[in-house]
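Report on the structure
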Amino acid sequence: MDSSEFTYPEPAGLAEGRIGEKMVLNIGPSHPATHGVLRLKLELDGELVTRADPMVGYLHRGQEKVAENLTYNQFIPFTDRLDYLAPICNNVAFAQCVEKIAGIEVTPRCKAARVIACELSRICSHLVGLASYGMDAGSWTVFMYCFTQREKIMTLFEQLTGARMTSSYARIGGLARDIPEGWLGNVNAFCNQFLPAFDEIDKLITRNRIFIDRTEGIGVISAEEAMQWALTGPNLRGSGVATDIRKDFPYLGYADYEFDVPIGVHGDCYDRWLVRMEECRQSVRIIRQAIEKMPDGPCNVSNPRVTLPPKDKVLRNMEDLINNFIVATEGPAIPEGEAYFEADNPKGALGFYIISKGAGVPYRVKIRAPSFITLSAMQHILPGHHMSDVPVILGSMDFVLGECDR
Amino acid sequence: MNRKNIAEELSFLKPRATSDGMAAFDCPPDRLLEAARALKERFECQTLTDIASVDMGLSAGEGRFGCVYHFFSHTKKFYVRLAAMCRSAAEPRLPSLTGVYPSADWLEREAFDLMGITFDGHPRLRRILMWEGYPYHPLRKDFPLAGLPAPLPDTFEGNEDATKVVPAPEEGGPFHSASESSGFSPQREPRSWEGKPGGR
């Protein structure tokens, strides 16, 4: 490998006055600091990164091609494998986009259940993000504390969906199953013990001198740059841009909940840490409100062309059996049209652009993966930093390769 | 309001039917760059959020390939969709937006890789998700779901032991890969769009 193989040129004036010989360093695709199968090709001048070339695609499964050959509901398990740290958020984002084409408005109970599940996923994903970020900065204790809490959310997911990570919880027009009895009480109990435990994590590291020294003023992204590079979610808000799709285009009835959107000031790694910490607390706020006003009623829309009939009817009535068979084999009847929907996921805005030609199978599904966009900005962010800062910056951006490579 | 303003100022854009109520327009490919500049400078669309490459199938003739762009304004909070279809199906080309929006960089590389659309003016148009040297563009509608046999990269660069890459076995399941011995059979495709309206 030599420097001529780099995709992008070196930023002007970076190594000015330096006489060091350039060296090419290859990190990954299997390396603990790259959080998955990311391969980073760095050009170094001594300790200074002069060029960065992230190489992705090691986890490419052709999900967009697969989607064109499966019915809408069959594709939902594939969305679990996008951002596998917050699978329910992906399920919901996909279902919301399809419902947008079909003009389906889900029931109030379904909305509230989706909100609780999504916000739990957000905490869950942020806990992993914070844990590995802390570990990249040298704090092993925070990792263990975060994973203890995450394990409790995993147990809640298991009670709700039957699976810890591959939840496949949403369906077009509703949910795979209603909330089990007593589950809301368990979520409430989790929230009650979570906030003090989270304060403990906060005290462990947020004012830690070593951590601040390693993150303050490192990986600075200005608001202008963040918008230009299409960053979204906590990475964008860390740079001081108050764009949160839950506030700006309230889907799932987010307008009924009271919550704040934390933003950073400097756009450095430390600000991104603070934004994620605060988002976890805001999520607890949303969950508590959703539990309080959880409406009764059905969790699926009653549209026989879209949702499956209740199981007890399928086993007794011929018509419902036929209906069940048709929806399960041909997929939900979605009219012709196209829609783009972005959901504010823990990693950023996960967008689906779906073209329907009026069948149970989509004609084209484009997945806008926030991690892909985040990594595309690395060629711009990493140069000019020291090699030792690279893992910290990567940790602060919180990406997932399953989503990036699709 | 924004929809009207954009349609008035950029008269070459034609309104496009949508199901989601977004301001959507069809844009001639040679004026795409002009439209993107105008959106950024005059309509405060700071972000290009997504580029979706589309293949409308062999029946669409020369205008088969294209891209659907989504722009977002952080200050005014609205999305704009522009669809630009390439003029030629044999050699699909579109102007690159990398000079206006840096985020177009990887998105265009992805469209080039998976759909085979060339972006004029992109600084380094390379494959991104598939490996360098892969001969096909898998998101095209005439590419079979089961895949086509393709040479694997022999070794990966910098691998001094020259370990051979051996493909993983893909036997069983609906996504059966067409091996060279069995040959490709279209019957194995779960669903095919071409020639069968409705998808089955």
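Residues numbered from 1 in each chain as written. Chains lettered and ligands numbered in written order. Predicted model: local features only at pLDDT ≥ 70, side-chain atom pairs only at ≥ 80, totals over all residues.

What to know about the overall build of chain B
If you tally the helices and strands in chain B, you get 3 helices and 7 strands. In chain B, the succession of helices and strands from N to C terminus is α-β-β-α-β-β-β-β-α-β. (Helix = DSSP H or I, 4+ residues; strand = E, 2+ residues; numbered from the N terminus.)

Things to note about the overall build of chain A
A tally of helices and strands in chain A yields 17 helices and 8 strands. Here the C-alpha radius of gyration of chain A, 22 Å, is about what a compact globule of 406 residues would show, namely 22 Å. Within chain A, the fraction of its 406 residues that count as buried is 52%. Within chain A, counting contacts between residues at least 6 apart in sequence, those at least 24 apart form 72% of the total. (Rg over C-alpha atoms; globule rule 2.2 N^0.38 Å. Buried ≥ 20, exposed ≤ 12 C-beta atoms within 10 Å, placed from the backbone. Contact = placed C-beta atoms within 7 Å.)

Overview of the environment of A349 of chain A
All names here are of chain A. Of note, A349 is situated in strand β7 (residues 348-357). The class of A349 is buried, set by 26 C-beta atoms lying within 10 Å. Here the alpha-carbon distance between A349 and G297, two residues 52 residues apart in the chain, equals 30 Å. For A349, the residues in contact, after removing those within four places along its chain, are T232, G233, I245, E342, A343, D344 and P370.

Considering the sheet that holds strand β6 (residues 336-345) of chain A
All names here are of chain A. Pairing is antiparallel across the open sheet formed by 3 strands, whose spatial order is β6-β7-β8. Among the strands making up the open sheet, the edge pair consists of β6 and β8 (364-368). Adjacent strand axes in the sheet meet at a mean angle of 10°, parallel and antiparallel pairs treated alike. (Pairing = 2+ DSSP bridges. Axes fitted to C-alpha atoms, helices over the stretch in contact; angles between N-to-C directions.)

Overview of the packing of helix α2 (residues 72-80) of chain A against helix α3 (residues 87-102) of chain A
Residue and element names in this part refer to chain A. Their axes nearest at 8 Å, the elements α2 and α3 cross at an angle of 150°. Of the possible angle classes, the one that applies to α2 and α3 is roughly antiparallel. Between α2 and α3 lies a crossing whose hand is right-handed. Residues Y72, F75, I76, T79 and D80 of α2 pack against P87, N90, N91, F94 and V98 of α3. Of the residues assigned to the contact of α2 with α3, the class counts are 6 nonpolar, 3 polar and 1 charged. (Parallel < 35°, antiparallel > 145°, perpendicular 65-115°, else oblique. Left-handed = near helix turned anticlockwise from the far one by under 90°. Nonpolar A, V, L, I, M, F, W, Y, C, P; charged D, E, K, R; others polar.)

Side note on the domain arrangement of chain A
Residues and elements named next belong to chain A. Here chain A is partitioned into domain 1 (3-55) and domain 2 (63-303 + 333-405). Relative to domain 2, the C-alpha centre of domain 1 lies at a distance of 30 Å. In this assembly, 19 residues from domain 1 lie in contact with 17 residues from domain 2. Its residues placed into classes, the side of domain 1 that touches domain 2 shows 11 nonpolar, 4 polar and 4 charged. (Domains from an automatic or database assignment.)

Description of the sheet that holds strand β3 (residues 48-55) of chain A
Pairing between the strands of a sheet is mediated by backbone hydrogen bonds and can be parallel or antiparallel. Residues and elements named next belong to chain A. Reading across the sheet, the 3 strands line up as β1-β2-β3 and stay open at both edges, with antiparallel pairing between neighbours. Every other strand in the sheet has two partners, leaving β1 (22-27) and β3 as the edge strands with one partner each. Looking at each pair of strands side by side, their axes are set apart by 20° on average, direction ignored. The sheet contact formed by β1 and strand β2 (residues 39-45) spans 6 bridges and is antiparallel.

With respect to the interface of chain A and chain B
How big an interface is tends to be expressed through the accessible area that disappears when the partners come together. Between chain A and chain B, the contact holds 37 residues from the first and 36 residues from the second. Going through the elements one at a time, α1 (63-67), α3, α8 (223-228), β6, β7, β8 and α14 (370-376) of chain A are the ones with two or more residues in the side of chain A that touches chain B. With 4 residues, the top contributor of residues to the side of chain A that touches chain B is β6 of chain A. Of the residues assigned to the side of chain A that touches chain B, the class counts are 16 nonpolar, 12 polar and 9 charged.

Some remarks on helix α6 (residues 183-205) of chain A
Residues and elements named next belong to chain A. Between its first and last C-alpha, α6 extends 32 Å over 23 residues, near the 33 Å set by a 1.5 Å rise per residue. The largest bend along α6 measures about 30° and falls at F194, with the proline P196 one to four residues further on. Inspection of α6 places V187, F194, F198, I201 and I205 among the buried residues, and these make up the whole buried set. (Expected span 1.5 Å × (residues − 1). Bend = angle between axes of the 7 residues up to and from the residue.)

Describing the pairing of strand β4 (residues 65-73) of chain B
All names here are of chain B. With 8 of 9 residues buried, β4 lies mostly within the body of the structure. Pairing of strand β3 (residues 47-55) with β4 involves 8 bridges; the strand directions are antiparallel. Residue pairing for β4: A52 is matched across the bridge by V68. Looking at chain direction, β4 and strand β5 (residues 78-85) are connected through 8 bridges and run antiparallel. Note that in β5 the partner of H70 across the bridge is R81. The antiparallel hairpin formed by β4 and β5 contains 4 residues in its connecting segment, where K77 sits at a positive phi of about 60°.

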